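A closer look at the structure
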Number of protein chains: 2
Amino acid sequence: METKTMNHISKSPISGKEYAIPEVKDDKAGIDAYIAQHPDKKVVVVQGLGFVGSVMALVVANALTEEYAVMGIDLPTPASYWKIRSINEGVFPVIASDPKIEQYYQNALHKKNYYATYDSYAYSKADVIVVDINLDVQKKSTANKDLEGYNVDLTPFKKAIEAIGNYCKEDVLVLVETTVPPGTSLKVVRPILENALAKRGLTKDKLKVGHSYERVMPGPKYIDSIQNFYRVFAGTDEKSTEAVESFLRTVIRTDEYPLTKLGNTNATEMAKVLENSFRAMNIAFMVEWSRFAEEAGVDIYEVVNAIRMRPTHKNIMLPGLGVGGYCLTKDPLLASWARMNLFGSEEKLGQSEKGVHINDKMPLYAFEYLQSQYKEPLENKKVLLLGVSYLNDVGDTRYTPVEGFYDQLELENCAVTLHDPHVKYWEEKDIWVNQDLNELLKTDYDLIVITTGHKDYRNNKFLLEVIKNKPACFVYDTIGVLTNEEIKYLGEKHIVKVVGRGDL
Amino acid sequence: METKTMNHISKSPISGKEYAIPEVKDDKAGIDAYIAQHPDKKVVVVQGLGFVGSVMALVVANALTEEYAVMGIDLPTPASYWKIRSINEGVFPVIASDPKIEQYYQNALHKKNYYATYDSYAYSKADVIVVDINLDVQKKSTANKDLEGYNVDLTPFKKAIEAIGNYCKEDVLVLVETTVPPGTSLKVVRPILENALAKRGLTKDKLKVGHSYERVMPGPKYIDSIQNFYRVFAGTDEKSTEAVESFLRTVIRTDEYPLTKLGNTNATEMAKVLENSFRAMNIAFMVEWSRFAEEAGVDIYEVVNAIRMRPTHKNIMLPGLGVGGYCLTKDPLLASWARMNLFGSEEKLGQSEKGVHINDKMPLYAFEYLQSQYKEPLENKKVLLLGVSYLNDVGDTRYTPVEGFYDQLELENCAVTLHDPHVKYWEEKDIWVNQDLNELLKTDYDLIVITTGHKDYRNNKFLLEVIKNKPACFVYDTIGVLTNEEIKYLGEKHIVKVVGRGDL
């Protein structure tokens, strides 16, 4: 009998089911049986079953012009093992508002062409391996501290590539989709794989390595953000480029969304982090303008909406509580790190790094602004936070800026109640989140803070009425959800403050 | 007889005609005669006959739903007096590719409703005064030096507003269109006018002051950029707001381009400088990425073009020789100055200021990059510069970054030849510019530098052939006009370098 300590258990947050992680990590029989079912199909292995990989594998299993035998592979850890079991048991491990997810998954179940495993032996069967694992930045800074240091540790990424090299065929196509420091495909992935092949006595001449980044948006168009969207790609040599292009054409609607081929993988890798850095910078840029707006009695939201009338300025960002998610919070740092560490430059990408640091400090500023506006010390106050997700109308808590704000309230010993219609369980903080706003509003709070711009909080007349009829409480809107009319209406009984909106 | 020293002469760069500036600055008779021709019309005076004012006056003379008697007013200086005379003599003082300019001007000539003068007496006739004068930033920095200081001197602007106050009716509407430091309408314009009215024994209660910024683009859609485009406006009080709105509705196609009313003039003034700061920052942001691209053997142009496929990233900017024009080079500084000097903040808009400084240094970097790539010292080399204007396909040399680059070549005693199809005379440098590229290409140069992205230089097979068949010369493209194919083609005989494009 297995010893069931917590390290041997992986629990699904979806079904609540607990899985014992096998002690002997061998799934050869399962893999062989699966492959035997699909004798004539090309085999695609997707490495990493997170937000990107699990759905990318689904899209490949529903490819447009070719029938693939797909395998998804992840580590047999408490955090990931349940996904493997879940996929094989008929429960998709991602909850999403996109109905295509379930439809594609049912198709794959019907065709039996999506198998999940933890055994690197799977790589030995692959014609194509798609790399969709994480590559994280270790930030020394948190939203609460003034530290700006960070580190990029490639070790876990390198290990994952080595695992491929130890098993893969010599003519495999390894397609990196992970957001990597520019230079990684040529300077890290290819050398590791070539080395591993050489150690196994195989030639490196047939190896194909390419890079094509995804632009996945979890949400109502999850599948479309992979299958019906523009793709940029490149190979580490000519045959790699051709192989990547051929593969992508079978999976993505390239007739409507033509592929863009760049000169080399450094360029595609740079394009991805540049895209995200552009967005992160545009937010950071707005931060000091929203301070200026507060000082000048200007409503930055109406200013930005006026500017957005210009077609060339449609994407100017709004300030708010902060920046969250997996990409904008780290990609500029990946790029800057690469410039210095993979290309030997003496200069970092100073502006882009600075942008990340500015954004990282936004939740702290939002807290300090509250302190400056609140009538008394915040200690021990009863606080309701509306929103935990970092993104409107989606339940995604990865690097949510709500955390930095929440932490400050905790330091003040506030009694914090959380509400989010899209988040049941805040994984990173191990906290359960309330869903029933009407129920929560039966209680009195000293302070109600809007921390996410969910639809549920906009033009919500019921919410407004309840607040209006409760004993005076301070209302704090960190992201401009309340209209000026609503503020005036509430303002008769309550003090209402909005980040980026001066007293008009 | 008048003494005709240069200070008494104003020469038209269009017709070449010289006008003697009158010693006695009195145009009462001319103004009275003009007004007598239009007894029942409201009078609109446009202050400032530059790129904006001269054309704004034209648009008002061709208003959509009302017939106005328009007067344009400027100073009787060598730089401006010829414009006044030119307008009254039937020659419009702006050369533009927009055919509507001439059509509107002919209409106004026909209706005799656009008179120009230098006499402040004109303000006494005005129902509406539109302020379109310059408000400059004095930069201590130049592209050549590392200084980052600047100053905003409001004196000339204040004098112009005082001139209005000394003559205007007490119920006039003063509509500021000039890009001003946020806070100016409320904290500068209105107090000056109220003071002047009080000195004249008039009430300040009927005075109306508002702000609505133009988004004029000299070029093929010059008129449309005023009449058929979105407008943001606000008044310094309620009656001002109503008056501005009523006036704009008679002039601008507000059915197709609805007006946007903001809460106060601080907001509209901020919106304008924020718009331009956003663009300036986006360019500055790209500067360090293009350095990284050079280091990583990446073509930043193909990367940016790939990114622009995303609807949310369409306006990501390209690096190049630098940033020019009247707005992007100074507006972020106006805003930062206002934050500290009009609103007493201890903090400047640091990122936005930094953006301007980064952009200001681009021409110097382009020169240093050339030095690093060129085989020998640049001293005494024969150089052909293709492009003087700061903007593609337009002849506008205001704050062109070509100047900083040109200055460096001059310091090296290079023999520099200038070409620009849209610029005959480079006013700021007092240099005549060549128009005949084919003629110029009969000469040999050590170095050909593309400094503006005019159509004339793109896909120009003749240019390519001529270069190809000349003795080897170094080709330097500062703004990515040459395609990779063209570079490869030329590269057989020439060394070709492009800013932001590493050796691939």
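Attention now moves to the overall build of chain A. Looking only at helices and strands, chain A features 17 helices and 19 strands. Taking 23 Å as the expected radius of gyration for a compact globule of 504 residues, we find that chain A reaches 25 Å, a close match to that expectation. In chain A, once contacts between residues fewer than 6 apart in sequence are set aside, the share between residues at least 24 apart is 74%.

Turning our attention to the relation of the copies chain A and chain B. When chain A is fitted to chain B, the residual RMSD is 0.1 Å, and the transformation amounts to a turn of 180 degrees plus an axial shift of 0.0 Å. What the superposition gives is, in effect, a two-fold axis relating one chain to the other.

With that settled, consider the interface of chain A and chain B. Between chain A and chain B, the residue contacts involve 43 residues of the former and 43 residues of the latter. Mapped onto the side of chain A that touches chain B, the elements with two or more residues apiece are α9 (265-296), α10 (300-307) and α12 (350-360) of chain A. Among the elements that take part in the side of chain A that touches chain B, α9(A) stands out by supplying 15 residues, more than any other.

All names here are of chain A. Two numbers describe how helix α6 (residues 184-199) lies on α9: the axes approach to 8 Å, and their chain directions differ by 115 degrees. With respect to their mutual orientation, α6 and α9 come out roughly perpendicular. Along its contact with α6, which presents Thr184, Ser185 and Leu186, the element α9 presents Thr265, Asn266 and Glu269. The residue makeup of the contact of α6 with α9, split by class, is one nonpolar, four polar and one charged.

Residue and element names in this part refer to chain A. Spatially, the five strands line up as an open sheet ordered β14-β13-β17-β18-β19, and their pairing is parallel. With partners counted over all chains shown, the strands left at the sheet margins are β14 (415-419) and β19 (496-498), one partner each. Within the sheet, the average angular offset between the axes of one strand and its neighbour, ignoring direction, is 15 degrees. One ladder, built from four bridges, connects strand β13 (residues 382-386) with strand β17 (residues 447-450); its direction is parallel. Counted as the bridge partner of Val383 is Leu447 from β17.

Turning our attention to helix α4 (residues 99-111) of chain A. Note that an α-helix has 3.6 residues per turn; residues three or four places apart therefore point the same way. All names here are of chain A. Over its 13 residues, α4 runs 19 Å from end to end, which matches the ideal 18 Å to within 8%, given 1.5 Å per residue. Listed in full, the buried residues belonging to α4 are Tyr104, Tyr105 and Ala108. One face of α4 carries all of its buried residues, which in axial projection span an arc of 100 degrees. In α4, those exposed residues whose orientation departs by more than 90 degrees from the buried face are Pro99, Glu102, Gln106 and His110.

We now examine the domain arrangement of chain A. Residues and elements named next belong to chain A. Partitioning chain A into structural domains gives domain 1 (42-270), domain 2 (272-360) and domain 3 (363-498). Averaged C-alpha coordinates put domain 1 and domain 2 at centres separated by 28 Å. Taken together, the contacts link 16 residues of domain 1 with 16 residues of domain 2. Secondary-structure elements contributing two or more residues to the side of domain 1 that touches domain 2 are β8 (150-152) and α9. Here the residues of the side of domain 1 that touches domain 2 sort into eight nonpolar, four polar and four charged.

Located in the positive-phi region is A:Asn459, a residue other than glycine, with phi close to 45 degrees. In this structure, A:Asn459 sits in the loop between β17 and α16 (461-468). Its 12 C-beta neighbours within 10 Å are what place A:Asn459 among the exposed residues. A positive phi angle, close to 60 degrees, is found at B:Asp393, a residue other than glycine. Among the secondary structure elements, B:Asp393 is positioned in the loop between β13 (382-386) and α14 (402-411). Residue B:Asp393 is classed as partly exposed on the basis of its 16 C-beta neighbours within 10 Å.

All names here are of chain B. Across the sheet, which stays open at both edges, the eight strands sit in the order β5-β4-β3-β6-β9-β10-β11-β12 with mixed pairing between neighbours. Looking along the sheet, the strands with just one partner apiece sit at the ends: β5 (114-117) and β12 (260-261). Bridge count between strand β4 (residues 68-73) and β5: four bridges; the pairing is parallel. Residue pairing in the sheet places Met71 in a bridge with Tyr115 of β5. Contacts from helix α3 (residues 81-89) reach β4 and β5 within the one sheet, and its direction differs from that of β5 by about 150 degrees.

Let us now look at the pairing of strand β11 (residues 231-235) of chain A. Residues and elements named next belong to chain A. Counting buried positions along β11 yields five of five residues, so the element is predominantly enclosed. Covered by surrounding structure in β11 are Arg231, Phe233 and Gly235 together with Val232 and Ala234, the residues of both alternating faces. The pairing of strand β10 (residues 208-212) with β11 spans three bridges and is classified as antiparallel. Across the sheet, the residue bridging to Ser212 is Phe233, located in β11. Judged from the three bridges that link them, β11 and strand β12 (residues 259-261) form a sheet pairing that is parallel. Bridge pairing in β12 links Phe233 to Lys261.

Here we take up helix α6 (residues 184-199) of chain B. Residue and element names in this part refer to chain B. Compared with the 22 Å implied by 1.5 Å per residue over 16 residues, the 21 Å span of α6 between its first and last C-alpha is a close match. For α6, the set of buried residues is Thr184, Ser185, Leu186, Val189, Arg190, Leu193, Ala196 and Leu197. Gly201 sits one or two residues past α6 and shows a positive phi near 75 degrees.

All names here are of chain B. Packing of helix α5 (residues 155-165) against α6 leaves a shortest axis separation of 8 Å and a crossing angle of 35 degrees. Read as a crossing pair, α5 and α6 show a hand that is right-handed. Between α5 and α6, the residues in contact are Lys158, Ile161, Glu162, Ile164 and Gly165 and Val188, Val189, Ile192, Leu193, Asn195, Ala196 and Leu197, respectively. Taken together, the residues that form the contact of α5 with α6 break down as eight nonpolar, two polar and two charged.

Another point: the environment of B:Cys327. All names here are of chain B. By the element assignment, Cys327 lies in the loop between α10 (300-307) and α11 (331-341). When the 22 C-beta atoms within 10 Å are taken as the criterion, Cys327 is described as buried. Remark: the alpha-carbon pair of Cys327 and Asp136, spanning 191 residues in sequence, is separated by 9.7 Å. If we ignore the near neighbours within four places in the chain, the residues touching Cys327 are Thr179 and Asn276.

Cut-off values and rules
- Residues numbered from 1 in each chain as written.
- Chains lettered and ligands numbered in written order.
- Predicted model: local features only at pLDDT ≥ 70, side-chain atom pairs only at ≥ 80, totals over all residues.
- Helix = DSSP H or I, 4+ residues; strand = E, 2+ residues; numbered from the N terminus.
- Rg over C-alpha atoms; globule rule 2.2 N^0.38 Å.
- Contact = placed C-beta atoms within 7 Å.
- Least-squares fit on C-alpha atoms with pLDDT ≥ 70 in both.
- Axes fitted to C-alpha atoms, helices over the stretch in contact; angles between N-to-C directions.
- Parallel < 35°, antiparallel > 145°, perpendicular 65-115°, else oblique.
- Nonpolar A, V, L, I, M, F, W, Y, C, P; charged D, E, K, R; others polar.
- Pairing = 2+ DSSP bridges.
- Expected span 1.5 Å × (residues − 1).
- Buried ≥ 20, exposed ≤ 12 C-beta atoms within 10 Å, placed from the backbone.
- Arc of directions from axis to C-beta.
- Domains from an automatic or database assignment.
- Left-handed = near helix turned anticlockwise from the far one by under 90°.

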